[in-house]
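Each chain, written out:
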Amino acid sequence: MSGAQPEKKRRRNGKAVCALLLATSVFALLRPAQPYAQVTELRGEVSESAILDDQQRKTRQLTPASAQDQTAQAGAATQSTAPAPTYQPASPGAVQDDTAPATGRIFDPPEATDDAFADTPAPVPPRRPSSATQGAADQDEAAETQATAATAATTDDTDTGETDQDATNRRAVTIDSADRQQLDPGAERTEAIEGRDKRAEDDPFAATGIKLGSFVIRPTLEQGVTASSNADSSSEGKPALLSETTLRFNAISDWRENSAVIDGYGTFLRTISGDEVQEARGRVDGTLNVDLDNDLRAIAKLGYEAAPESASSPVVIEGTVEQPVRQTIDGSLAVEKDAGKMRFALTGAVEHDIYGDAKLSTGGTLSQKDRDSTLYTATLRTGYEISPAITPFTEVEIGRRVYDLRVDTNGFERSSTRLGVRAGAELDLGEKLAGEFSAGWLREAIDDDRLPAISGATVNADLRWSPERGTTIGLTGQTIVEGTTTPNESGDILYSGRLTGERKIRANLIGNAALGVDWRDYIGSDGHDLTLSAEAGLTWWLNRYAGLTTRARTEKQTSNLEGRDYTAHSIFVGMTLQP
């Protein structure tokens, strides 16, 4: 018995200790602690409206304080010794009022007593704020800083109520608000685009042209009648009234870098009354400019012409009714290079002449194949630019003229070797003066020793001068070597010059004039021909598309050779049409 009693006593003591510990734990958990109560209400999600309300409240609290900053600084020393104010939690009810009466509940805090031995609970250590609590605190601090700055900036202009509202809910400006300007009520109304005055055209009667692909084509049709005192320009010519139709066209490319130009004309004559004349003549020329690498420029030209041989031709065919038709095909390719002030150009050219058969008065035909020939030439030009307006140059030309028939019907070998030198200058003064001129010497040595070489001075020019706006004066000159099949004759040198002028009298009235002189020198004899010509005309444009045209021309040739003198006068009246 005595051994069992101590064991039971130990069990009772253990149970009492466990009960005491359990009761103490329950009492500690149920007793309200101030730090715990302070953060209990802040747990969980915080709405945006609650944060905004808190920011507005703090702004209102800080507004009076900002007005008392100087007073607060003056009494800072006194306030430093005053006791700290009682803590006021942000959430009402977080800390229970100490003066509230006891309700008799177990959750009431213990009453304060003077018993020194009363149980004093140990202070609960401050709990580390959660991430949500810390984030809310950071937002409150940032909002407080922004609100304080906004309030200080607007206190001079607005009252306290307006400051609170602007600092917390200021309206944002639009991106383009700085570009917007207030309308001027006194400003005049802007006219419509259709009502504005149109810019005057430089040439209101110029052809607008037709767009075809990458080219702009400007055709012109001229139709009228010509009264001539010498219809075929021969020594035995008779007067006639002719119908004359001329079609001209010009096509220019609109490419960005390179360029192409095509020019052409065609003239058709038919007798209405008088001497029987029926002929057609025309020519087409094309030019292509291409810029290559290494400052190289290529210029290609191609042309075709068909026209009846003039009655004043140096080759006289006896007993013919109609002159043979002459066709000319020519082309050239030039490569130009600029190296500093030096200018270099190398040009290769080919010209082929084809003569048709001549119709005889007896009813037969006479072949002209022994006159068909091809001329090959190569020209090297070297120039030096003295100034942008003047570039002197020299040229050396070599070539070979080859006849289709090595020996003609009279037994002569007429193929020849060509050599020429020239010196001249290029002019470029803009619209005032542009072009070039040259002078030199040319020689063609015929393969047949019985025929003397054709040689003589050469003169070439192509100048355009505009003394004033609306006036253009041109000067052209060329030297041509003409072959022949006449026995014991080598041929001749033809010097041809033209002086032209055009004046825009009014916007719709254009006048033009031309003077011409031709001198033909026969090689191997003292024969020569002198031809003088003059022409004047007017074009009156009724509108952009139609105009009236008239011109008068006179031409006279004198020669020391028998049967080559003639005089011809003509007047043309017609209408010109252009799209």
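Above: the structure in question.
First, a word on scope: everything that follows refers to the structure included in this document. Along each chain, numbering runs from 1 in the same order as the chain's sequence is written. With pLDDT at 70 or above as the cut-off, local features in this predicted model cover only qualifying residues; side-chain atom pairs require 80 or more to be listed or tallied, and sums for whole chains, interfaces and linings still use all residues. Water and hydrogen atoms were dropped before computing side-chain values, which therefore reflect all heavy atoms in the structure.

## Section: unusual backbone geometry
Positive phi, normally seen in glycine, also occurs at S233, with a value near 50°. Among the structural elements, S233 can be located in the loop between β2 (215-228) and β3 (240-253). The partly exposed category is assigned to S233, whose relative accessible area is 22%. Its identity is not glycine, yet D295 carries a phi of approximately 60°, on the positive side. Structurally, D295 can be placed in the loop between β5 (278-291) and β6 (296-308). A relative accessible area of 58% places D295 in the exposed class. Helix and strand labels come from DSSP, where a helix needs a run of H or I of at least four residues and a strand needs a run of E of at least two; each type is numbered from the N terminus. The rule is simple: take the accessible area with a 1.4 Å probe, protein chains only, and divide by the maximum for that residue type; under 20% is buried, over 50% is exposed, in between is partly exposed.

## Describing the packing of aromatic side chains
Aromatic contacts are taken between Phe, Tyr and Trp rings whose centres are within 6.5 Å, Trp giving its six-membered ring; a plane angle under 30 degrees counts as stacked, one over 60 as edge-to-face, and the others as tilted. All chains considered together, the criterion is met by 1 aromatic pair. The interplanar angle of 75° and the centroid separation of 5.7 Å between the aromatic rings of F215 and W255 together place this pair among those described as edge-to-face. You can see F215 sitting in strand β2 and its partner W255 sitting in the loop between β3 and β4 (259-274), a full 40 residues away along the chain. Of the residues examined, W255 reaches a relative accessible area of 36% and is grouped as partly exposed. Note that R381 overlies the ring of F393, its terminal NZ or CZ placed 3.8 Å from the centroid. Ring-over charges, as used throughout, are those where CZ of Arg or NZ of Lys falls within 6 Å of the ring centre and within 35 degrees of the ring normal. Here R551 stacks its cationic end above the ring of F572, 4.2 Å away from the centre of that ring.

## Side note on the side chain of R401
Tracing the backbone shows R401 in strand β13 (residues 390-403). Here E444 takes part through its side chain, which lies 2.9 Å from a polar atom of the side chain of R401. Any two residues whose heavy atoms approach within 4.5 Å are treated as being in contact. The residues touching R401, leaving out its near neighbours within four places in the chain, are S373, T374, L375, S415, S416, R418, E444 and V481. The term polar contact refers here to a pair of N or O atoms within 3.5 Å; inside protein, the definition further demands a hydrogen-donor-capable atom paired with an acceptor-capable atom, and it admits residues adjacent in sequence only when both atoms are side-chain atoms.

## Thoughts on the environment of T550
Looking at the element boundaries, T550 is found in strand β21 (residues 546-559). With 11 residues separating them in the primary sequence, T550 and T539 have C-alpha atoms 6.6 Å apart. Polar side-chain contacts of T550 include one of 3.1 Å to the backbone oxygen of F572.

## Here we look at the sheet that holds strand β10 (residues 358-360)
We treat two strands as partners when DSSP finds at least two bridges between them. Across the sheet, which stays open at both edges, the 3 strands sit in the order β7-β10-β11 with antiparallel pairing between neighbours. Strands at the two margins of the open sheet, each flanked by one partner only, are β7 (320-322) and β11 (365-366). As defined by bridge partners, β10 adjoins β11 across 2 bridges and the pair is classed as antiparallel. Across the sheet, residue K359 finds its bridge partner in β11, namely T365.

## What to know about empty space enclosed by the protein
The definitions used throughout rest on a 1 Å grid laid over the protein atoms alone, on which a cavity is an enclosed set of points accommodating a 1.4 Å probe that cannot get out and a pocket is an open set flanked by protein within 12 Å on both sides along at least five of seven lines; lining residues are those having an atom within 4 Å of a point. Grid points are joined across faces, edges and corners, and a volume is the space filled by probe spheres set on the points. Under the definition given, this model contains 1 cavity of 30 Å³ or more. Considered as a void within the structure, the largest cavity measures approximately 70 Å³ in volume. Forming the walls of the largest cavity are R401, Y403, R414, S416, E444, I446, I454, V481, E482, G483, T484 and S490. Taken together, the elements giving at least two residues each to the lining of the largest cavity come down to β13, β15 (433-446) and β17 (471-483). The biggest single contributor to the lining of the largest cavity is β17, with 3 residues. Split into classes, the residues belonging to the lining of the largest cavity amount to 4 nonpolar, 4 polar and 4 charged. The nonpolar class holds Ala, Val, Leu, Ile, Met, Phe, Trp, Tyr, Cys and Pro. Asp, Glu, Lys and Arg form the charged class, and all remaining residues, Gly among them, are polar.

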